[in-house]
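# Topology and contacts: notes
Chain residues, written in single-letter form:
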Amino acid sequence: PTSAQVSVVPHSGRFCYTLDNDLLSPEQRQFYEDNGYLLIRNLVSDQDIERFRKEFTRICKREVKPPGVMIMKDESLKSQFGQSEKVVNKVQDFQEDEELFRYCTLPEVLKYVECFTGPNIMAMHTMLINKLPDSEQQTFLHPMHQDLHYFPFRPASRIVCAWTAMERADQDNGCLVVQPGTHRTALKPHGYPDLEGKTNKLFHGLLDEDETIPKVHLVMEKGDTVFFHPLLIHGSGINRTSGFRKSISCHFASSECHYIDVKNTTQEDLEKELQEMVSKKYNATSVELKDIWNFRARLVQGERINL
């Protein structure tokens, strides 16, 4: 069984995946309906992106230590570069860092988010990704996956990711790769792909990938933002350049979404892995998946109802 069978099918009508709004054109709504993503050019300002970049550097150098933040590193580079951005691959769960969390509250981002979630908006999962140069090892390849695999809340159609490029992202430095239309499929089984131990912790991927589905590389300039559905199959390639490919993202959900029990579903193994990590980090004896997400979640607009 798959927990995506719980309330995944949206309401019937011409537009299932967006709500009526005054912002998106019928063509944009239809594009998201058909493809599961929508790219908005030049949405976030250079000034904001530079502020996020500075804060990321401060976190890497341990000049600030936001509570709850998870810093993912390539430990093999630590002796060479010490505490610097050249070692850090990802800063996750930055909801308590006021500077980075500004991204989740930007009016220009939220006005689009509301088209998918409605007016009561929770920031559920935050990440600043710093894709390191990685031509040979393929350590920072993120295999094709569906984000809903990580989320114990539904319905899927009221969840959306906003992902903003902090510099040009293309095939050379590992841009996002999507399989248009796959948001209409069910949640598929995920796990660690067979890449000889080269995968990062929690970088789960599809266990059975359909290679016949066409892939689109999303080439984006600094400030471009893509909004996509949590069932859309996507991933990112390796960074073959000598620079760093940064992006900042947040998964938003309607606060009217509800938590589900993932026991006896394809998400149960992930629940155990997350519980072990959190128990180890905070020396906690028993942690529910719902508790972990309650800790991560933060209201950004409207009223907090269920999440």
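Where an unreviewed UniProt entry is consulted, the protein chain appears under the name Phytanoyl-CoA dioxygenase, peroxisomal, with the organism given as Sinosuthora webbiana. UniProt's Sequence similarities (unreviewed entry) comment on the protein chain is quoted here verbatim: "Belongs to the PhyH family."

So, about the pattern of salt bridges. If you walk through the whole model with that rule in mind, you get 18 salt bridges. Residues Arg51 and Glu99 are paired through a salt bridge, measuring 2.8 Å at the closest nitrogen-oxygen approach. Within this pair, whereas Arg51 is found in helix H2 (residues 46-60), its partner Glu99 is found in helix H4 (residues 98-105), the two being separated by 48 residues in sequence.

As a further point, take the pairing of strand E2 (residues 70-73). The side-chain alternation of E2 yields one buried face, formed by Met70 and Met72, and one unburied face, formed by Ile71 and Lys73. Across four bridges, the pairing between E2 and strand E3 (residues 88-92) is antiparallel. Of the residues in E3, the one forming a bridge with Lys73 is Val88.

One can describe the packing of H2 onto H4 by two numbers: an axis separation of 9 Å at closest approach and a directional angle of 145 degrees. Note that H2 runs across H4; the crossing there is left-handed. The segment H2 lies against H4, with Asp48, Arg51, Phe52, Glu55 and Ile59 engaging Glu99, Leu100, Arg102 and Tyr103.

Okay, the nonpolar core next. One finds Tyr103, Cys104, Val109, Phe227 and Phe252 to be the most contacted residues of the largest nonpolar core, which totals 40 residues. Of all elements in the fold, only strand E1 (37-40), H2, E3, H4, helix H5 (107-117), strand E4 (121-131), strand E7 (159-165) and strand E14 (245-254) reach the threshold of two or more residues within this core. Here this core takes six residues from H5, the largest share from any one element. Grouped together as the second largest cluster of nonpolar side chains are 24 residues, Leu148, Val262, Leu274 and Ala297 included.

Next up on the list: empty space enclosed by the protein. If you walk through the whole model with that rule in mind, you get one cavity of 30 Å³ or more. Within this model, the largest cavity holds a volume of roughly 430 Å³. Lining the largest cavity are 31 residues, and of these Lys90, Met127, His142, His145 and Asp147 lie nearest its centre. Mapped onto the lining of the largest cavity, the elements with two or more residues apiece are E3, E4, strand E5 (142-145), E7, strand E13 (234-236), E14, helix H6 (268-282) and helix H7 (289-296). For the lining of the largest cavity, the class distribution of residues is 15 nonpolar, 10 polar and six charged.

Along the chain, Glu276 falls in helix H6. Through-space distance from the C-alpha of Glu276 to that of Ser286 is 9.2 Å; in sequence the pair is 10 residues apart.

Take the sheet that holds E5 next. Taken together, the four strands give an open sheet; going across it, the order is E5-E13-E8-E11, and neighbouring strands pair in antiparallel fashion. Sheet topology places E5 and strand E11 (216-217) at the edges, where each strand pairs with a single neighbour. Pairing of strand E8 (residues 176-178) with E13, which is carried by three bridges, proceeds in the antiparallel orientation. By the bridge assignment for E13, Leu176 is matched with Ser236.

With that out of the way, let us pick up H7. Among all positions of H7, only Leu289, Ile292, Trp293 and Arg296 are buried. Buried positions in H7, seen along its axis, are confined to an arc of 90 degrees and lie on one side of it. Each element contacted by the buried residues of H7 is listed here: E3, E4, strand E6 (153-154), strand E15 (258-259), H6 and strand E16 (298-301).

Two elements in contact, H6 and H7, have axes separated by 10 Å at closest approach and are oriented at 65 degrees. The two elements H6 and H7 meet at a crossing, and its hand is left-handed. Between H6 and H7, the contacting residues are Glu271, Leu274, Gln275, Val278 and Tyr282 on the first element and Leu289, Ile292 and Phe295 on the second. Here the residues of the contact of H6 with H7 sort into six nonpolar, one polar and one charged.

The rules behind the values
Residues numbered from 1 in each chain as written. Predicted model: local features only at pLDDT ≥ 70, side-chain atom pairs only at ≥ 80, totals over all residues. Heavy atoms only, no water. UniProt positions renumbered as here; feature names shortened; annotations may be inferred. Salt bridge = Lys/Arg side-chain N within 4 Å of Asp/Glu carboxyl O. Helix = DSSP H or I, 4+ residues; strand = E, 2+ residues; numbered from the N terminus. Buried < 20%, exposed > 50% of the residue type's maximum accessible area, 1.4 Å probe, protein only. Pairing = 2+ DSSP bridges. Axes fitted to C-alpha atoms, helices over the stretch in contact; angles between N-to-C directions. Left-handed = near helix turned anticlockwise from the far one by under 90°. Contact = heavy atoms within 4.5 Å. Core = buried A, V, L, I, M, F, W, Y, C linked by side-chain atoms within 4.5 Å. 1 Å grid on protein atoms, 1.4 Å probe; cavity = no way out; pocket = protein on both sides within 12 Å on 5 of 7 lines; lining within 4 Å. Points joined across faces, edges and corners; volume = space filled by probe spheres on them. Nonpolar A, V, L, I, M, F, W, Y, C, P; charged D, E, K, R; others polar. Arc of directions from axis to C-beta.

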